[in-house]
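Chain by chain, the residues run as shown.
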Amino acid sequence: MKNVKLLLLASLVASASAQSSSVAKEVETIYPEARALYLDLHQSPELSSHESRTATRLASQLRSLGYEVTEHVSGTGIVGILKNGPGPTVMLRTELDALPVEEKTGLSYASKVRTQDDAGHDVPVAHACGLDLHIAAIVGTGAIMSHSRNTWHGWSASRLRRLSAAQSG
């Protein structure tokens, strides 16, 4: 558990490393929620193209932070947009799926999930590649961006279109 805490905290701090000490305090503030999300996702993994619970949870969290959310992008994908005036655009991306493998870590929060794969086989499911941690770090970063809107700006869609047209013309 200590390693997971360190990894999640390091991921969140890395996103704030160029920022002030107030952002470091924000990381500490949002850490409990990010950790709770990580533990929930780790214990409730879903196979690729079946991440409906994960996508719903992520969409709900982003909406609660003020993001405009579009769901069911190419199936279970979601897009969250946080507009904040003119300036550079920041894009964060994560995948949602887990793997058809059995977790044998012995951790108290280890996945015990089993499901049927697309071929109808009963398989174990685990977040063996760290996407659960990545999702939690993305949501934590999204929370920091939402809570600190007074410190940054992002381009509007019309500005992006004009820039794209200028570059391609």
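Everything in this summary refers to the structure shown in the same document. (Residues numbered from 1 in each chain as written. Predicted model: local features only at pLDDT ≥ 70, side-chain atom pairs only at ≥ 80, totals over all residues. Heavy atoms only, no water.)

**Examining helix H2 (residues 21–43)**
A rise of 1.5 Å per residue sets the reference length of H2, with its 23 residues, at 33 Å; its end C-alpha atoms lie 33 Å apart and thus fit the reference within 8%. At Ile 30, H2 shows its strongest bend, of approximately 45 degrees, with the proline Pro 32 following within four residues. Looking only at H2, the buried set comprises Val 23, Glu 26, Val 27, Ile 30, Tyr 31, Ala 34, Leu 37, Tyr 38, Leu 39, Asp 40, Leu 41 and His 42. (Helix = DSSP H or I, 4+ residues; strand = E, 2+ residues; numbered from the N terminus. Expected span 1.5 Å × (residues − 1). Bend = angle between axes of the 7 residues up to and from the residue. Buried < 20%, exposed > 50% of the residue type's maximum accessible area, 1.4 Å probe, protein only.)

**Quick look at the packing of aromatic side chains**
As enumerated under the stated definition, the model contains one aromatic pair in all. Measuring from centroid to centroid gives 6.0 Å for Tyr 38 and Tyr 109, while their planes differ by 75 degrees, and the two rings are edge-to-face. One end of the pair, Tyr 38, is in helix H2; the other, Tyr 109, is in the loop between strand E2 (77–81) and strand E3 (114–116), and 71 residues separate them in sequence. An identical accessibility class is assigned to Tyr 38 and Tyr 109; each is buried. (Phe/Tyr/Trp six-rings, centres within 6.5 Å; stacked < 30°, edge-to-face > 60°.)

**Quick look at the environment of Tyr 31**
For Tyr 31, the position within the fold is in helix H2. Tyr 31 gets classed as buried once you look at its relative accessible area, which sits at 7%. Taking the C-alpha atoms as reference, Tyr 31 lies 9.3 Å from Ala 136; in sequence the two are 105 residues apart.

**Re the nonpolar core**
In terms of nonpolar packing, the biggest core is built from 27 residues, with Leu 37, Tyr 38, Leu 58, Leu 62, Tyr 67, Ile 78 and Ile 135 touching the most fellow members. Elements supplying a minimum of two residues to this core: H2, helix H3 (52–64) and helix H4 (131–147). Tallying contributions element by element places H2 first for this core, with eight residues. For Tyr 67, the contacting residues outside a window of four places in its chain are Leu 62, Gly 80, Ile 81, Leu 82, Gly 142, Met 145 and Ser 146. (Core = buried A, V, L, I, M, F, W, Y, C linked by side-chain atoms within 4.5 Å. Contact = heavy atoms within 4.5 Å.)

Spatial relationships are all this shows, so hold off on functional conclusions.
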